[in-house]
Amino acid sequence: MNSREPVVLVTYVEAGLGHIVSAQAISDALKKKYADKLEIRDKYVMRDSGNDLLIKQEQFMIKSVQNYAHAGSGFFQYFAMFLFGPQNTLNFVFNTVYKKKADALVDVYAKENPDVIVTTHFFTHYCALKYQRERNGKVKVVSYCPDNNVHGWWDKRADMIYTNNPLATAQAYKLGFKSGCVLEAFYPTREAVTKTDGTKEFYRQKLGIPLDKFAVVVADGVYAQANAQKVCEELIKTDLPITICLLAGKNDEIVKHFDKLRDKIKPNVTLMTFGFMPNAPELYRACDLFITKAGPNAILDSIMMETPIIVDFCATPIEVKTKNLFVNRFNCGLYITSANKIRKQTEYFIQHPNELDKFKKSLKFFDKNKNGADIIADDIMSVACSYEDHQRDIYAIEDGIVDKYCQVKFNNADKQKNASNKFKAKLRKNKNLKKYAKIIETLYNKD
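Procedures and definitions
- Residue numbers run consecutively from 1 along every chain, following the written order of its sequence.
- pLDDT decides what is reported in this predicted model: residues at 70 or higher carry local features, side-chain atom pairs at 80 or more are listed and counted, and totals for whole chains, interfaces and linings draw on all residues regardless.
- Hydrogens and water are ignored here; the side-chain numbers use all heavy atoms of the structure.
- Secondary structure elements follow DSSP: runs of H or I of four or more residues count as helices, runs of E of two or more count as strands, with numbering from the N terminus.
- Helix span, as expected, comes to 1.5 Å for every residue beyond the first.
- Note on contacts: a residue pair is in contact if any heavy atoms of the two residues lie within 4.5 Å.
- Whenever two N or O atoms come within 3.5 Å, that pair is a polar contact, provided that in protein one can donate a hydrogen and the other can accept it, and provided that, for residues adjacent in sequence, both atoms are side-chain atoms.
- The nonpolar core is taken to be a set of buried Ala, Val, Leu, Ile, Met, Phe, Trp, Tyr and Cys residues, with the residues joined through side-chain atoms within 4.5 Å.
- Categorising residues by exposure relies on relative accessible area from a 1.4 Å probe, with only protein chains included: less than 20% of the type maximum marks a residue as buried, more than 50% marks it as exposed, and the intermediate range marks it as partly exposed.
- Paired strands are those between which DSSP finds at least two bridges.
- In this analysis, axes come from line fits to C-alpha atoms, helices being fitted only over the stretch in contact, and the angle between any two N-to-C directions falls in the range 0 to 180 degrees.
- Pairing of aromatic rings covers Phe, Tyr and Trp, the last counted by its six-membered ring, and requires centre-to-centre distances within 6.5 Å; plane angles under 30 degrees mean stacked, over 60 mean edge-to-face, and any other angle means tilted.
- Note on geometry: a ring has a charge over it if NZ (lysine) or CZ (arginine) is within 6 Å of the ring centre and within 35 degrees of the ring normal.

## Things to note about helix 19 (residues 413-428)
Here helix 19 contains 16 residues, and its C-alpha end-to-end distance of 23 Å stays within 8% of the 22 Å for a straight helix at 1.5 Å per residue. On its buried face, helix 19 is in contact with helix 18 (387-409) and helix 20 (433-446). Where helix 19 begins, the capping side chain belongs to N412, and its oxygen is found 2.8 Å from the backbone nitrogen of D414. The first or second residue beyond helix 19 is N430, which carries a positive phi of 60°.

## A look at the nonpolar core
In this structure, L30, L283, F366 and I380 are the most contacted members of the largest nonpolar core, which totals 96 residues. Every residue in contact with L30, bar those within four places of it in the chain, is listed here: V8, V10, A35, L38, I40, A377 and I380. With 51 residues, the next largest nonpolar core counts Y98, Y131, V150 and A168 among its residues.

## Things to note about unusual backbone geometry
Here the phi dihedral of N331 falls at roughly 55°; this positive angle occurs in a residue that is not glycine. Locating N331 in the fold gives a position in the loop between helix 14 (317-329) and strand 12 (333-335). On the basis of relative accessibility, which here comes to 33%, the residue N331 falls in the partly exposed class. The backbone phi angle of N371 is positive, close to 40°, even though this residue is not glycine. Note that N371 resides in the loop between helix 16 (360-365) and helix 17 (372-385).

## Describing the sheet that holds strand 7 (residues 214-219)
Strands in a sheet are paired, the pairing made by backbone hydrogen bonds, and the direction either parallel or antiparallel. Taken in spatial order, the six strands make up an open sheet running 9-8-7-10-11-12, and their pairing is parallel. Every interior strand has two partners, whereas the edge strands, strand 9 (269-274) and strand 12, have only one. Shown here is a sheet whose adjacent strand axes are inclined to one another by a mean of 20°, direction ignored. Note: strand 7 against strand 10 (residues 289-293), three bridges, orientation parallel. Residue pairing in the sheet places V217 in a bridge with F290 of strand 10. Contacts from helix 13 (residues 296-304) reach strand 10 and strand 11 (309-313) within the one sheet, and its direction differs from that of strand 10 by about 170°.

## Quick word on the packing of aromatic side chains
For the structure on display, the rule yields 21 aromatic pairs. Geometrically, the ring pair formed by F122 and W153 is edge-to-face, given 5.7 Å between the ring centres and 85° between the ring planes. Taken together, the positions of F122 in helix 6 (residues 122-134) and W153 in the loop between strand 4 (140-144) and strand 5 (160-163) put the pair 31 residues apart, joining distant regions of the chain. Since its relative accessible area comes to 16%, F122 is described here as buried. The class of W153 is buried, set by a relative accessible area of 7%. Taken together, a centroid distance of 6.4 Å and an interplanar angle of 35° make the contact between F186 and F366 tilted. With a gap of 180 residues between them, F186 in the loop between strand 6 (182-184) and helix 8 (191-194) and F366 in the loop between helix 16 and helix 17 connect regions that are remote in the sequence. Just as F186 is buried, F366 falls in that class too. Here the aromatic cluster, defined as three or more aromatic residues joined through ring pairs, consists of F94, Y98, F122, F123, Y126 and W153. Looking at K323, its charged tip hangs above the ring of Y335, at a distance of 4.5 Å from the centre. The aromatic ring of F365 is capped on one face by K370, whose charged end is 4.3 Å from the ring centroid.

Written out as structure tokens, the structure reads:
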């Protein structure tokens, strides 16, 4: 790098809130740990670019996410992305339909002239690699995938991809991300989550939520476009004491709808409406249950507040993976798509609150103080200082996983050593990435 402090450009783009809060968490960690060693720049690279193409493209991305609420829309778009094989479709689309927009974002990167680009969305990721190939071969591109799986539109030519669970890590290798370029970190946690450390009663008093009633948050991501209205309308039918907190995000219309109904609601029901809340984790902490679609960010925030979930909708295959991970694998809550059945289940929890305790052990696994953003920040610092030394550290992690697998598979120490060494030699040459992915999955399922 240069004699100046390495410049790390943390990029922000809105397509749902998860991409933003993940970038924010990484930026927070970088500033906390390395503000004296790195120049850290935060930038909304599309909306603040001054380029109409990019501004309109971000609005299109937002609208696409909103449209996922319509039956089948998200699944159809996902299918289309993989029509000719994911990486082939990716390159075709971004070199034809989106070429001008990709070139415009490359220009934004060129003006910043960074040493490291951090992205959390596949489009900004692709354009960063395009900038690397066409304008600046020295820049390093590192990206965090905020979803619980790594889909095929993440360009595999990255210098680093950060994942948040073993199955996503395995997917990255299956896609062809090279040895030494994948690192698994615990979920990055922004300050709005880590600093929410008060009691349930404290946040109820702060937010004006009754202390003596079972309280439920109902949400549908930042745009509230899926089942939130239907679920709220069903919950207010109950004859049991309940507080319903509708978190509407940026959907002002649904807030107006329920504000008009407030005076007509039975006295046993307290209905509260909230718009976009930067401090949403405080609301999750204050309540007993969170009902939402399977957006990774909102679910993660809730379970880090130790609040169980009911998932009521999956908009895309990505959200199906999220539901499978948090509901099926980790037992952090339930999956119920019928509003009527959600009301009945909620009434059961009101009458039997101890039944929520069965989720508590799983919820405690997601300790917000583990904060994978610190691991990512350390790795970015390593990339900025010496990419070769950094790669050796990642190789060591991969080697440890291979050694562990061979110890499980072979009883004989010599066989373990020989098999491990042969496999690692091939892995360094990227010859058995899919087999390595299978090893990760095997060990994960065995634990």
